[in-house]
Structure formats: structure tokens, C-alpha cells
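Close look at the chain arrangement
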Amino acid sequence: MTVAENLTQIQENIKHACEKAGRDPEDITIIGVTKYVTIERAIEAVHSGVRHLGENRMEGFLEKHENIGEQAIWHFIGTLQSRKVKDIIDKIDYIHSLDRKSLAKEINKRTDKPVDCFVQVNVSGEESKHGLQLEEVESFIDTLQNYPKIRVVGLMTMAPHVDDEQILRNVFQSLHKIKNTIQEKGWDHAPCQYLSMGMSNDYQVAIEEGATHIRIGSSLVGPYEE
Ligand SMILES: *Cc1c(COP(=O)(O)O)cnc(C)c1O
């Protein structure tokens with residue numbers, strides 16, 4: 001399948017999920033996750049109209065950025081080591097994986113202009129997943145006022161890889177709720193208007209539960225080459 005064909009299908013599904021939820025498809029940003037595919041396939045995605053690209057590893061990000069550059073809006077969606085911040089900070093538009101003070105401090109130190117960040121939350125509490133516990137989110141974001149270059153534009157989570165729709169819904173609803181709590185604080189440094197949640201297998205449910213940014217890899221740019 002071409003990326004364009006996959007994109008058409010995904011847009012159909014988004015429209016359907018939005019209708020169910022009484023939402024506007026314009027409010028959903030598709031981030032094409034290119035981590036498993038070649039530069040050529042990532043370029044194909046851009047040419048097919050995917051404006052936002054996401055990478056979860058430093059090497060993959062730098063390689064794709066070098067070839068695609070300003071033609072895309074760049075999202076870093078993976079675990080970010082503090083010592084690598086300086087290598088990417090001027091090239092990325094959004095970081096989805098802010099999950100600790102030491103990282104905030106490093107970002108703050110390495111940039112001149114504000115950086116749009118999503119705070120990553122481990123809603124399901126799985127040990128294998130990164131991110132803050134739900135009950136830590138509010139006080140963590142509060143302390144980020146100490147780092148004037150950090151702008152918290154939203155929250156991000158990865159749901160567990162399950163088919164049980166109710167489990168997925170619970171995860172997405174919990175993130176939505178805490179997002180609203182933060183947003184209602186009216187903190188200058190944390191407008192927190194976005195929800196980055198939903199991947200290939202669960203983005204329709206995520207949209208029904210309020211996602212504004214969905215991160216789609218396999219069903220958009222797949223099948224992955226071995
Ligand atoms: C790989 C990845 C995705 C996309 O996963 P698919 O299931 O291929 O859509 C989304 N978010 C993060 C953080 C990822 O690492």
C-alpha cells in the first residue's frame with residue numbers, strides 16, 4: 001500500500017470517530033511515526049501530505065531530519081537522554097517525552113527559545129513504560145515554572161497493547177481528566193491544551209476520548225521492511 005492510500009483510510013476512520021464523538025477532524029493532528037521505515041518511505045509520507053513526523057530514537061531522527069528538514073514538523077516521541085538534548089534541540093518542534101526534572105533543566109539550558117513539550121504519563125502503571133504516575137503530574141508541572149524555556153502544551157501517554165476497548169478507554173479518560181485539571185489552573189507556562197494519545201491499534205478510541213495528536217506508525221507507513 002502507498003502512504004497516500006493508508007492516509008486516506010486513516011482520515012476516513014478519523015472522520016468516523018469524530019462523528020461518534022461530536023468532534024471536528026480539523027482538531028486532530030496525525031503524526032507519522034517513521035521509526036521503522038527508510039528515508040524514502042518517510043519522504044513519500046511527506047509528499048502524500050503528512051506534515052508531522054515522529055521519531056523515537058536519536059539516530060533515526062537525525063538521519064531523517066537531515067534529508068527532510070523543514071518540509072516536516074518534527075516530534076520527538078521516545079525516551080530522551082539528557083546528554084543528547086543538545087544534539088536535537090534546535091531541530092525539533094515538539095518533545096513528547098518530558099518525564100523528569102533533570103531533563104527539563106537540560107532543555108532549559110540548551111535552548112534560547114521556548115520549547116513545546118508534552119509531559120509523558122504512565123497511566124496504566126506498567127513497569128515497562130516511561131512517564132510519571134498520574135498522581136505526580138500536577139506537582140511536576142507546577143515545578144516546571146522554574147524552567148522558563150519549557151512550555152507544557154499537553155500530556156502524552158502510551159496505552160497498554162491490549163484489545164480490550166474498556167481498558168483503553170479508561171487510560172485515555174484518565175489522561176483527559178488530568179489534562180483538564182492542569183488546563184484549569186491557567187498556568188502561563190502550561191497551557192496544556194493537547195492530548196497526545198492513540199497509535200495504530202487504538203487511535204479511534206483515543207479520538208473518541210479526546211486525543212488531539214495521534215502517533216501513527218505501522219498503519220500509515222507500514223508494512224515495515226524486515
Ligand atoms: C512506535 C511508536 C508509535 C507508533 O506505533 P504504531 O503502533 O506503529 O502506530 C507511537 N508512539 C510511540 C511513542 C512510539 O514509540
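To keep things clear, this report deals only with the structure shown in the data block. (Residues numbered from 1 in each chain as written. Predicted model: local features only at pLDDT ≥ 70, side-chain atom pairs only at ≥ 80, totals over all residues. Heavy atoms only, no water.)

1. Quick notes on the site of the ligand
In the neighbourhood of the ligand, 13 residues make up the surrounding shell, with Lys35, Ser200, Arg215, Gly217 and Ser218 lying closest. A distance of 2.8 Å separates a nitrogen atom of the ligand from a polar atom in the side chain of Arg215. With respect to the ligand, the backbone of Ser218 contributes an N or O atom lying 2.8 Å from an oxygen atom. Within the complex, 90% of the 390 Å² of free accessible area of the ligand lies under protein. Looking at side-chain class alone, the shell around the ligand contains seven nonpolar, four polar and two charged residues. (Near = heavy atom within 4 Å. Polar contact = N/O pair within 3.5 Å; in protein donor to acceptor, adjacent residues only side chain to side chain. Areas by Shrake-Rupley, 256 points an atom, 1.4 Å probe, with all protein chains shown as cover. Nonpolar A, V, L, I, M, F, W, Y, C, P; charged D, E, K, R; others polar.)

2. Comments concerning helix H3 (residues 58–68)
Taken as a whole, H3 has its buried residues at Met58, Gly60, Phe61, Lys64, His65 and Ile68. The buried residues of H3 occupy an angular sector of 160° when the element is viewed end-on, so they sit on one face. Exposed residues on H3 whose side chains face more than 90 degrees from its buried face are Glu59 and Glu66. Check the buried side of H3 and you find it contacts helix H2 (39–47), strand E2 (52–55), strand E3 (73–76) and helix H4 (85–88). Residue Gly69 follows H3 closely and has a positive phi angle near 50°. (Buried < 20%, exposed > 50% of the residue type's maximum accessible area, 1.4 Å probe, protein only. Helix = DSSP H or I, 4+ residues; strand = E, 2+ residues; numbered from the N terminus. Arc of directions from axis to C-beta. Contact = heavy atoms within 4.5 Å.)

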